[in-house]
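Chain by chain, the residues:
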Amino acid sequence: MRLILGRLGLMVSLLLGPGLPAHACDAPQGNHDLVVAVRSAEPFTYIGPDGMPRGFAVDLWHSVSTDIDKTTAFVNCDSIDAQEQGLRRGTVDVVISPLTITSERMLTYDFSQQYLSSGLTLAVAQDGAIDFEAAIETITDTVFQPTVARAIILFLLLNLVTAFLLRAFMLNLVTGPEDDPPPGAVRTWMAYMLEAIARTSGLKGIGDGFATLMGKVFEMIMAVVGTALSAMILGVITSAFVGAIGEHPPVSAQALPGLKIAVLRCSTAQEFLRRETTEAAFRADEGSDKQIKLKARAEWLACAGHNNNTQKVEIMPGDGLPGGVVLTPTWKEGVEELYQGNVEAVLGDWVALSYMSRRSPYDGQITVQESVYRNEPYGWAISRASGTEELRRAIDSALIVRMRDTDWRKRIENTLGSGAIAPN
């Protein structure tokens, strides 16, 4: 029955002529209760070398489907828009590839319980420059950590006490050869041990300013404490500046229209960029050439009108303004555009971009902005065409059980990588 519906939908789209785009989702095969759509969206969903769907969302669906007791036929779609068309027509029951829960989308299909919170952020090429602002912020944050601050204060107090003791010892010291007591066996052995420690630790010469054993001990204590304190401070400064190499200061949302950016076609990132471009047009002088071009760019960024190019990288025509847009069918192709130097940044999902930046050949070449422009709550999209309110409740119940598991966060990070929970 599902196969017949899928073929009927395809026939209708062909009969309506070229005015409507031909959206590509594979036809389901075999007997099944549900048609579940995926697309190329690593690490959530992708097609493996064996032709089978893989990814975090696929593994989660296999686990959930055992609770709802439904058989599944997976179909691969070539774009977000193709998946949404399938949901609206009823040829697809559930989409498990990442879709942000938005009020606009909920007008035409339902969503499950939110299972992950990601965010909209920017990936840029890494270079050898040092972000001094980031380095200073790291130093400040580290020094004012309670444990580090306590250690610094403790070292300073210890050296201060030692200095007072040394000063008191020097004031009470009686000089003159007639007052020097005989060395004795204990003092002789202590002097030998102190000499051995001084030479072994590299402190030889530090305590040479005092003729007495006690003076040497106090001076060496101060040297050790001072060296430890200096090493700690130097370590913090070095770590901060090394970590700031290749870092970029956060790019404001208002600055995005001035960059050449790659975005996933028909994604919330594309819509976000369209809105920022529209805002930039309103800020421009009324009736100016810049305003006219920005409005044209915002119109070009609307999802409608690009449906026939779902499999291609599409470059916005030049308009004489700084920046530009490249639409890509997948996040991976957007990151590749950045890697090849064709764009200045990729605007997209925090989890996906972070995952890509840790994989070869992008590891060490691409950095992802830690701050996000807005949160992106993810849920599974569920078609209303089949009247599946019962299905939505069953999916929600199964998802909630898994999210309450103590290993839920570990499960996410095992698949998506350490730190895969986006900063909010």
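Keep in mind that what you see is a predicted model, and the values were worked out from it rather than measured.

Student: Mind showing me how you'd approach the pairing of strand β11 (residues 345-349) here?
Tutor: Within a regular strand, side chains alternate between the sheet's two faces. Counting buried positions along β11 gives 5 out of 5 residues, so the element sits mostly inside the fold. Bridge count between strand β7 (residues 116-125) and β11: 5 bridges; the pairing is antiparallel. Of the residues in β11, the one forming a bridge with Thr 121 is Gly 348.

Student: Can you help me understand the pattern of salt bridges in this one?
Tutor: A pair can form between side chains of opposite charge whenever their charged atoms are brought close. Counted under the stated rule, the structure contains 15 salt bridges. In this structure, Glu 42 and Lys 332 form a salt bridge, with 3.9 Å as the shortest nitrogen-oxygen distance. In this pair, Glu 42 sits in the loop between β1 (34-38) and β2 (46-47) while Lys 332 sits in helix α10 (residues 331-339), placing the two residues 290 residues apart along the sequence. Residue classification places Glu 42 among the buried residues on the basis of a relative accessible area of 17%. Note that Arg 265 and Glu 314 form a salt bridge whose closest N and O atoms lie 3.7 Å from each other. Of this pair, Arg 265 sits in the loop between β8 (260-264) and α8 (268-283) while Glu 314 sits in strand β9 (residues 314-315), placing them 49 residues apart in sequence. Look at the salt bridges and you will find they share partners, linking Glu 104, Glu 271, Arg 274 and Arg 275 into a network.

Student: Looking at this structure, how should I read the pairing of strand β13 (residues 374-382)?
Tutor: The sheet contact formed by strand β5 (residues 94-100) and β13 spans 4 bridges and is antiparallel. Across the sheet, Leu 99 pairs through a bridge with Gly 379, a residue of β13. As paired strands, β7 and β13 are joined by 5 bridges and run antiparallel to one another. Across the sheet, residue Ser 117 finds its bridge partner in β13, namely Pro 377.

Student: Looking at this structure, how should I read the nonpolar core?
Tutor: Generally speaking, a soluble globular protein has its nonpolar side chains buried in company with each other. Core analysis: the biggest nonpolar cluster contains 56 residues, and Phe 44, Trp 61, Ile 96, Tyr 115, Trp 380 and Ile 395 have the highest contact counts within it. Broken down by element, the residue count for this core peaks at 7 residues, all from helix α2 (residues 56-68). If we skip the residues at most four places from it in the chain, Trp 61 touches Leu 34, Val 36, Ile 68, Thr 72, Phe 74, Val 94, Ile 96, Trp 380 and Ile 395. Counting residues in each nonpolar core, the second largest holds 18 residues, with Ala 253, Leu 301, Met 316 and Leu 347 among its members.

Student: Just checking my understanding: could you explain the packing of aromatic side chains for this structure?
Tutor: Describing an aromatic ring pair means giving the distance of the ring centres and the angle of the ring planes. Under the definition given, this model contains 8 aromatic pairs. Relative to Phe 111, the ring of Tyr 109 lies with its centre 5.5 Å away and its plane at 55 degrees, an arrangement referred to as tilted. Accessibility assignment for this pair places Tyr 109 and Phe 111 in one class, buried. A ring pair is formed by Tyr 115 and Trp 380, whose centres lie 5.7 Å apart and whose planes are at 50 degrees; its orientation type is tilted. Here Tyr 115, found in the loop between β6 (110-111) and β7, pairs with Trp 380, found in strand β13; they are 265 residues apart in sequence, far enough to count as distant. Side by side, Tyr 115 and Trp 380 carry an identical accessibility label, which is buried. Aromatic rings pair up to connect Phe 44, Trp 331 and Tyr 378 into one cluster.

Criteria and thresholds
- Residues numbered from 1 in each chain as written.
- Predicted model: local features only at pLDDT ≥ 70, side-chain atom pairs only at ≥ 80, totals over all residues.
- Heavy atoms only, no water.
- Buried < 20%, exposed > 50% of the residue type's maximum accessible area, 1.4 Å probe, protein only.
- Helix = DSSP H or I, 4+ residues; strand = E, 2+ residues; numbered from the N terminus.
- Pairing = 2+ DSSP bridges.
- Salt bridge = Lys/Arg side-chain N within 4 Å of Asp/Glu carboxyl O.
- Core = buried A, V, L, I, M, F, W, Y, C linked by side-chain atoms within 4.5 Å.
- Contact = heavy atoms within 4.5 Å.
- Phe/Tyr/Trp six-rings, centres within 6.5 Å; stacked < 30°, edge-to-face > 60°.

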